[in-house]
Amino acid sequence: MVACDAGELHDSELIARAQGGDGEAFARLYRRHQGVVYRFACQMTGSATLAEDVVQDVFLVLMHDLGRYDASRAALTTYLYGVARNISRYRIRGLRRLTSLDAVVNAVAVDDPSAHLAQSQQIRQLRGGIAVLPARYREVLLLCDVHELTYREAALALKLPVGTLRSRLHRARRLLAEKLQARQKVGARVPLQSSGCVV
Amino acid sequence: MRQPPPGPDTVWLRDALRAMAEADANLTAPPRVEQSLMKAWETRTPGPSTARTTHCGAWTLLALAASCLLAVGLWTRWAPGNGGSTLASGGRTEPTQAIAAGTDPSRGDMAWLDSDETSLQIVRLRVAVATLAAQGYALRDPTGDGTVEIEMIVGPDGAARRVRVNGIWPE
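Once a new chain begins, its residue numbering starts again from 1 and follows that chain's sequence as written. Chain labels run from A onward and ligand labels from 1 onward, assigned in the order the entries are written. Given that the model is predicted, a residue must reach a pLDDT of at least 70 before its local features are reported, and side-chain atom pairs must reach 80 or more before they are shown or counted; all residues, however, enter totals for whole chains, interfaces and linings. Hydrogens are left out, water is left out, and the side-chain values use all remaining heavy atoms of the structure.

A word on the overall build of chain B. Think of it this way: any DSSP run of H or I at least four residues long counts as a helix, any run of E at least two long counts as a strand, and we number them from the N terminus. Secondary structure assignment for chain B yields six helices and three strands. The classification of residues rests on relative accessible area computed with a 1.4 Å probe and restricted to protein chains. Under 20% of the type maximum is buried, over 50% is exposed, and intermediate values are partly exposed. Classification of the 171 residues of chain B by burial places 31% in the buried group. Throughout, a residue-residue contact means that at least one pair of heavy atoms, one from each residue, lies within 4.5 Å. If you take every contact in chain B between residues at least 6 apart in sequence, the share linking residues at least 24 apart comes to 42%. Computed with the Shrake-Rupley method and a 1.4 Å probe, the accessible areas treat only the protein chains shown as cover for residues. Of the roughly 10800 Å² of accessible surface on chain B, 60% is carried by carbon and sulfur atoms.

Have a look at this one:
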């Protein structure tokens, strides 16, 4: 979650200024939130290139919807996650039809924007497992377990009842665990669970 | 509503996901994204409220223009002395006007109207071939004088329902 620093303007204040035509206020909103949106988009799409497009589209939507955003309903971050999720799903929809699951895993490994930071085999395995989850499970898992949103925040972002979100999260964890364990059984990878997850 | 602690069978998975989150923590979008966004900001369209106002103005102007067109059209159809357009417009046709609409006024027997005004009216008249051609009825000139005799069925609203040319077929 992104919180504004002490002495910095709150999101709602920046939005009000941006609505009045203050470009610097919009730029500050972007700088404050682009990181989480980019990371989420990278993890959702498995591609840094697609993630860039998603970030751009998300903030273009915000630019045009400044007047419609209602701070009393959800935090700006929650709103941005929701838009990013929709755009990511839209962007990868066509890609999925054309790409086999193995190719997606390889694409994630090759196109991993943090490859220079995290070369660990386990993280690559994990990314591959997440990439092949159905989108409805992937987004729930990422929001709750990677981005650490509360159930309520994630439910707001995804426009789901909390109960549905919880059952999807449970299912997503189980699916991911099964996929990772199946890969371990193939024997091509370093065991994730028994290695103690020093990733 | 914070999440409950994970069960023992998923602890390793949660730890791995958290580690992935830490590995990704420093990822940020490239500067070119901000540059292109700020370019878009400079050329952005007005916000929704302004757009709505503009649309309201546009609709008002459009309604005004439509009213003017309607008024001009009605005046053209109904004003005395504008009988020449009755055939084309299908306006309510008085017999004398219909006859005068490009026909020989001396032939008073060309037009016939039912006395019941709510029924369909049959109007017989002679009009210029060019007038019909302008309405999309391309005809040969049967007599060589540039006119043709037609029968027109006019509804109680004054609109022409059918036009029949005696013995002449459209080209």
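On we go from here.
So, about the interface of chain A and chain B. Chain A puts 49 residues into the contact, and the matching count from chain B is 31 residues. Buried area is a sum: the accessible area each of two parts loses on coming together, probed at 1.4 Å, counted once for each and added. Summing the contributions of chain A and of chain B, the shared interface buries around 3800 Å²; its carbon and sulfur component is 68%. When a carboxyl oxygen of Asp or Glu is within 4 Å of a side-chain nitrogen of Lys or Arg, the pair counts as a salt bridge. Summed over the shared surface of chain A and chain B, the number is five salt bridges. Across the pair Glu52(A) and Arg32(B) runs a salt bridge whose closest N-O atoms are separated by 2.6 Å. Polar contacts, as used here, are pairs of N or O atoms within 3.5 Å; protein pairs need one atom able to donate a hydrogen and one able to accept it. Residues neighboring in sequence count only if both atoms are side-chain atoms. Our count for the chain A to chain B interface comes out at nine residue pairs in polar contact (both at pLDDT 80 or more). Every element with two or more residues in the side of chain A that touches chain B is listed here: helix 2 (23-45), helix 3 (48-64), helix 6 (121-131), helix 7 (135-146) and helix 9 (162-186) of chain A.

Burial of nonpolar side chains together is a common tendency in soluble globular proteins. Counting 69 residues, the largest nonpolar core has Val58(A), Phe59(A), Leu126(A) and Leu176(A) as the members making the most contacts within it. No other element matches the twelve residues that helix 2 of chain A contributes to this core. Other than its neighbours up to four places away in sequence, Leu126(A) contacts Leu176(A), Leu180(A), Leu13(B), Ala16(B), Leu17(B) and Met20(B). Residues enter a nonpolar core if they are buried and are Ala, Val, Leu, Ile, Met, Phe, Trp, Tyr or Cys, with the set joined through side-chain atoms within 4.5 Å.

All names here are of chain B. Overall, the prediction assigns chain B a mean pLDDT of 66, with 50% of residues at 70 or greater. Within chain B, helix 5 (residues 95-100) has the poorest average pLDDT of any element, 40, and helix 2 (residues 31-42) the best, 92. Predictor confidence is given residue by residue as pLDDT, running from a minimum of 0 to a maximum of 100. Every residue in residues 48-54 scores below 50 in pLDDT, and together they form one contact with partners more than four places removed in sequence or on other chains. The low-confidence segment residues 83-114 (pLDDT under 50) makes 64 contacts with residues lying over four places distant or belonging to another chain.

Now for helix 8 (residues 151-158) of chain A. Extensive coverage of helix 8 of chain A is indicated by the burial of six of its eight residues. Of the residues flanking the end of helix 8 of chain A, it is Lys159(A), one or two places downstream, whose phi is positive at about 55°.

On to the packing of helix 1 (residues 11-19) of chain A against helix 2 of chain A, then. The description of two helices packed together rests on the angle between their axes and the distance between the axes. For helices, the fitted axis covers only the stretch in contact; all axes are lines through C-alpha atoms, and the angles between them, taken along N-to-C directions, range from 0 to 180 degrees. Two elements in contact, helix 1 of chain A and helix 2 of chain A, have axes separated by 8 Å at closest approach and are oriented at 140°. Where helix 1 of chain A approaches helix 2 of chain A, its residues Asp11(A), Leu14(A), Ile15(A), Arg17(A) and Ala18(A) are matched on the opposing element by Ala25(A), Phe26(A), Arg28(A), Leu29(A), Arg32(A) and His33(A).

Residues and elements named next belong to chain B. Strand order in the open sheet formed by three strands is 1-2-3, with antiparallel pairing between adjacent strands. If you trace the sheet from one side to the other, it starts and ends with strand 1 (121-128) and strand 3 (160-165), each paired once. Between one strand axis and the next, the sheet turns through 30° on average, direction left out of account. Looking at chain direction, strand 1 and strand 2 (residues 147-154) are connected through eight bridges and run antiparallel. Bridging from a neighbouring strand, Val127 pairs with Val148 of strand 2. A pair of strands is labelled paired if DSSP reports no fewer than 2 bridges between them.

Right, let's get into the pattern of salt bridges. Residue and element names in this part refer to chain A. Tallying each qualifying case throughout the model produces 17 salt bridges over all chains. With its nearest N and O atoms 3.4 Å apart, the salt bridge here joins Arg31 to Glu24. Judged by its relative accessible area of 43%, Glu24 is partly exposed. Between Arg89 and Glu139 there is a salt bridge whose closest N-O contact spans 3.1 Å. Taken as a pair, Arg89 in helix 4 (residues 76-98) and Glu139 in helix 7 lie far apart in primary sequence, 50 residues in all. The exposure class of Arg89 is partly exposed, given its relative accessible area of 26%.

On to the packing of helix 3 of chain A against helix 2 of chain B, then. The interhelical angle for the contact between helix 3 of chain A and helix 2 of chain B, taken along N-to-C directions, is 30°, at an axis separation of 10 Å. With respect to helix 2 of chain B, the element helix 3 of chain A is oriented roughly parallel. For the pair helix 3 of chain A and helix 2 of chain B, the crossing hand works out as right-handed. Of helix 2 of chain B, the residues touching helix 3 of chain A (which contributes Glu52(A), Val55(A), Gln56(A), Phe59(A), Leu60(A) and Met63(A)) are Arg32(B), Val33(B), Ser36(B), Leu37(B), Ala40(B) and Trp41(B). Working definition: roughly parallel below 35 degrees, roughly antiparallel above 145 degrees, roughly perpendicular at 65 to 115 degrees, and oblique for all remaining angles. Left-handed describes a crossing in which the near helix is turned anticlockwise from the far one by less than a right angle; the clockwise case is right-handed.

The next subject is the packing of aromatic side chains. Residue and element names in this part refer to chain A. When two rings of Phe, Tyr or Trp (its six-membered ring) have centres within 6.5 Å they constitute a pair, described as stacked for plane angles under 30 degrees, edge-to-face for angles over 60, and tilted for the intermediate range. Summed over all chains, the structure comprises four aromatic pairs over all chains. Taking 4.9 Å as the distance between ring centres and 75° as the angle between the ring planes, the aromatic pair formed by Tyr30 and Phe59 counts as edge-to-face. Taken as a pair, Tyr30 in helix 2 and Phe59 in helix 3 lie far apart in primary sequence, 29 residues in all. Each member of the pair, Tyr30 as well as Phe59, carries the same accessibility label: buried.

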